Amino acid sequence: MGRMSGTAGDIPEYGTGEIPEYAERVLGVAELIPPGRVMTYGDVAEWLAGEEPPGEPGEGSLSGGGSAEAGGGRRVGGPRQVGRVMALYGGAVPWWRVVRADGQLLPGSELRALAHYRQEGTPLREASRSAEGHVPRLDMRRARWDGGDPGANG
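Parameters at a glance
- Residues numbered from 1 in each chain as written.
- Predicted model: local features only at pLDDT ≥ 70, side-chain atom pairs only at ≥ 80, totals over all residues.
- Heavy atoms only, no water.
- Helix = DSSP H or I, 4+ residues; strand = E, 2+ residues; numbered from the N terminus.
- Contact = heavy atoms within 4.5 Å.
- Salt bridge = Lys/Arg side-chain N within 4 Å of Asp/Glu carboxyl O.
- Buried < 20%, exposed > 50% of the residue type's maximum accessible area, 1.4 Å probe, protein only.
- Phe/Tyr/Trp six-rings, centres within 6.5 Å; stacked < 30°, edge-to-face > 60°.
- Axes fitted to C-alpha atoms, helices over the stretch in contact; angles between N-to-C directions.
- Left-handed = near helix turned anticlockwise from the far one by under 90°.
- Nonpolar A, V, L, I, M, F, W, Y, C, P; charged D, E, K, R; others polar.
- Core = buried A, V, L, I, M, F, W, Y, C linked by side-chain atoms within 4.5 Å.

The protein is annotated in an unreviewed UniProt entry as MGMT family protein from Streptomyces chrestomyceticus.

Given below as structure tokens:
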């Protein structure tokens, strides 16, 4: 068996090789985002928090993530947890559609993401001449998707 190194789709050593339930849910949201639109890590976390009524026993405690109340009011995870899921498992979904809130492209993946954004017609803001590498940013006002009608632009 050959060893893959450093691809976004690599699955870390979780023993069983199965993706944790929370990660499955994050990836499911990423797959819903229409071409040409984006959601921030925080948007995805809020979406997932809205899926589970507080205090209801979840069937998905297989991930070993603890109880719903364990996060000091947070039910499942926040933007950092979503970012971690996307870093570990995002290669299997349109990872370029889950982004930073400031519209900056993910360091190290700018050119790959930019190719996807241009192909999908995602609204961009051209970089200023002083910007390092002159890499554009996402136009978050126009590109951000709220989970509603996929065809409606902001």
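Caption draft 1: Summary view of the side chain of Arg 97. Residue placement: Arg 97 occurs in the loop between α3 (79-89) and β2 (98-99). Those residues in contact with Arg 97 that sit more than four places away from it in its chain are Ile 33, Pro 34, Pro 35, Arg 37, Val 38, Met 39 and Glu 120.

Caption draft 2: Local environment of the pattern of salt bridges. Within the structure shown, the criterion is met by 6 salt bridges. One salt bridge in this structure joins Asp 102 and Arg 100, with 2.7 Å as the shortest N-O distance. Given the relative accessible area of 35%, Asp 102 is considered partly exposed. Among the charged side chains, a salt-bridge network with shared partners connects Glu 21, Arg 25 and Glu 51.

Caption draft 3: View of the packing of aromatic side chains. Applying the stated criterion across every chain yields a total of 2 aromatic pairs. Pairing Trp 95 with Trp 96 gives two aromatic rings, centres 5.6 Å apart and planes at 85°, and the pair type is edge-to-face. Trp 96 matches Trp 95 in its accessibility class, with the two residues each being buried.

Caption draft 4: Region of interest: the side chain of Thr 122. Checked against the element boundaries, Thr 122 lands in the loop between α4 (110-120) and β3 (124-125). By relative accessible area, Thr 122 is classed as buried at 6%. Residues in contact with Thr 122, not counting those within four places in the same chain, are Gly 36, Arg 37, Val 38, Tyr 117, Leu 138 and Ala 143.

Caption draft 5: Geometry of the packing of helix α1 (residues 21-32) against helix α2 (residues 41-51). Look at α1 against α2: their axes get within 10 Å of each other, and the N-to-C directions meet at 115°. By crossing handedness, the relation of α1 to α2 is classed as right-handed. Contacts from Tyr 22, Arg 25, Val 26, Val 29 and Leu 32 in α1 reach Val 44, Trp 47, Leu 48 and Glu 51 in α2. Grouping the amino acids of the contact of α1 with α2 by side-chain chemistry returns 7 nonpolar, no polar and 2 charged.

Caption draft 6: Spotlight on the nonpolar core. In terms of nonpolar packing, the biggest core is built from 32 residues, with Val 26, Val 44, Val 82, Met 86, Val 98, Tyr 117 and Leu 138 touching the most fellow members. Listing elements by their share of this core, those giving two or more residues are α1, α2, α3, β2, α4 and α5 (140-143). Among the elements that line this core, the one with the most residues is α1, at 6 residues. Non-local contacts of Val 82, meaning those with residues more than four positions away in its chain, are made with Tyr 22, Val 26, Tyr 41, Val 44, Ala 45 and Val 98.

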